Protein chains: 2
Amino acid sequence: MEQLKQKIRNEGIVLSDRVLKVDAFLNHQIDPVLMQQIGQEFARRFRDEKITKIVTIEASGIAPAIMAGLELGVPVIFARKHQSLTLTDHLLTASVYSFTKQVESTIAISTNHLSPNDRVLVIDDFLANGKAAKGLISIIQQAGASIAGLGIVIEKSFQAGRQELEEAGFRVESLARVAALSDGQVVFVE
Amino acid sequence: MEQLKQKIRNEGIVLSDRVLKVDAFLNHQIDPVLMQQIGQEFARRFRDEKITKIVTIEASGIAPAIMAGLELGVPVIFARKHQSLTLTDHLLTASVYSFTKQVESTIAISTNHLSPNDRVLVIDDFLANGKAAKGLISIIQQAGASIAGLGIVIEKSFQAGRQELEEAGFRVESLARVAALSDGQVVFVE
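Note that the coordinates shown come from a computational prediction; the quantities given were computed from them, not determined experimentally.

Enquirer: With reference to specific residues and values, describe the overall build of chain A.
Expert: If you tally the helices and strands in chain A, you get five helices and eleven strands. Against the compact-globule benchmark of 16 Å for 190 residues, chain A has a radius of gyration of 16 Å, which places it among compact chains. Across its three principal directions, the C-alpha atoms of chain A cover 50 × 35 × 35 Å. Considering only intrachain contacts with a sequence separation of at least 6, the fraction spanning at least 24 residues in chain A is 61%.

Enquirer: Before we move on, can you summarise the relation of the copies chain B and chain A with the specific residues and values?
Expert: It takes a turn of 180 degrees to lay chain B on chain A, together with a shift of 0.0 Å along the axis; the resulting RMSD is 0.0 Å. Both copies of the chain, as the preceding transformation shows, are related through a two-fold rotation axis. Scanning chain B for the C-alpha nearest the rotation axis identifies A59(B), at a separation of 2.6 Å. A high fraction, 100%, of the interface residues of chain B reappear at the interface in chain A, so the copies pair face to face through one surface.

Enquirer: Any details on unusual backbone geometry? Residues and values, ideally.
Expert: Residue and element names in this part refer to chain A. The step from E58 to A59 runs through a cis peptide bond, and the omega angle for that step is -5 degrees. Along the chain, A59 falls in the loop between β4 (53–57) and α3 (62–72). Of note in this structure, K50 is not a glycine but carries a positive phi near 55 degrees. Relative to the helices and strands, K50 resides in the loop between α2 (32–46) and β4.

Enquirer: Go over the interface of chain B and chain A, please, and point to the residues and values.
Expert: Taken together, the 48 residues of chain B in the interface contact 48 residues of chain A. Taking both sides of the interface into account, the surface hidden between chain B and chain A amounts to around 4,000 Å²; carbon and sulfur atoms contribute 63%. Our enumeration of links across chain B and chain A arrives at zero salt bridges. Those elements giving two or more residues to the side of chain B that touches chain A turn out to be β2 (20–21), β3 (29–30), α2 (32–46), α3 (62–72), β5 (76–79) and β7 (103–110) of chain B. For the side of chain B that touches chain A, the element with the highest residue contribution is α3(B), accounting for six residues. The sheet contact formed by strand β3 (residues 29–30) of chain A and β5(B) spans two bridges and is antiparallel. When the bridges of β5(B) are listed, I30(A) appears paired with V76(B).

About the cut-offs
- Residues numbered from 1 in each chain as written.
- Chains lettered and ligands numbered in written order.
- Predicted model: local features only at pLDDT ≥ 70, side-chain atom pairs only at ≥ 80, totals over all residues.
- Heavy atoms only, no water.
- Helix = DSSP H or I, 4+ residues; strand = E, 2+ residues; numbered from the N terminus.
- Rg over C-alpha atoms; globule rule 2.2 N^0.38 Å.
- Contact = heavy atoms within 4.5 Å.
- Least-squares fit on C-alpha atoms with pLDDT ≥ 70 in both.
- Buried area = accessible area lost by both parts, 1.4 Å probe.
- Salt bridge = Lys/Arg side-chain N within 4 Å of Asp/Glu carboxyl O.
- Pairing = 2+ DSSP bridges.

Everything listed here is a matter of coordinates, which is why it stays silent on function.
The following block contains the structure:
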């Protein structure tokens, strides 16, 4: 997706050979117009998949997911990482290690909002080692719902997440695929 | 806002005389069409205020804020409650106690994204005692930016937040004002 790659080139900051900071338009400040374009692109790619729900994870997945949900006309569920007084339902959970936060956390979705009749599109901001994606997949499978695929805003193609998800049989659609972060530059997959 | 009140009546769950659960369309599962209507309504009410940025707080503020940002054509910043490896900038912070999570947390916004030239609309999902709103206001004022007002999805009018914010001189626009939660029913302000 060319607008996204241009934005990464112009406003992304390479912090190391593994960490790309996109706090200017995705992870802290968010560009709503870009998010709308991203939502439209996810919708275009998964339009024929009879999606009934989108599942993402707080906090940075919410903006692209909500725009895709608007385009596809389906609700969005965000998995919670932190306990809340109002989240009192029976919960489906998975344990996820976050590289960027360096903590293991439990993510949870209420059983109220997913059923075996659902066909789910998983959306997230980043795909690196795939830990968050696999946690979401585990929860969706616990609910007995089917998974149409994963829509990723930025993929770090030099980490194993995509390969492992594809080997497990999942369709992965990433809007920007980063081949390498080197000398402060972002190199995209051709 | 009538669509929102109808949604609260139909899908909100009164957990106690102080806690209203709206996990079906705002705090866990999100209704993108309703969020778009909410964004349009915030934009309508603040259209003449020359807003340059919207500030909200993760996670439930993001969906209504991003839709308002799309309508007003301005970026959205979400304050972070949790430290991230990529949030390495100089930070403006405030301490906020969350009633629904029963924890004190530090919320933070990078100095990179707010300046004295900004005129900010604060958006959040709930206004109760106003702790989160005051934390966001403190951060925006630390940045030297001005505050056009606060856009709230659901206000608990039986708690002191709105009154205290108005007494401090801030405009508060709430799309649904809850007068009381009693006998499992939501009573709105007339």
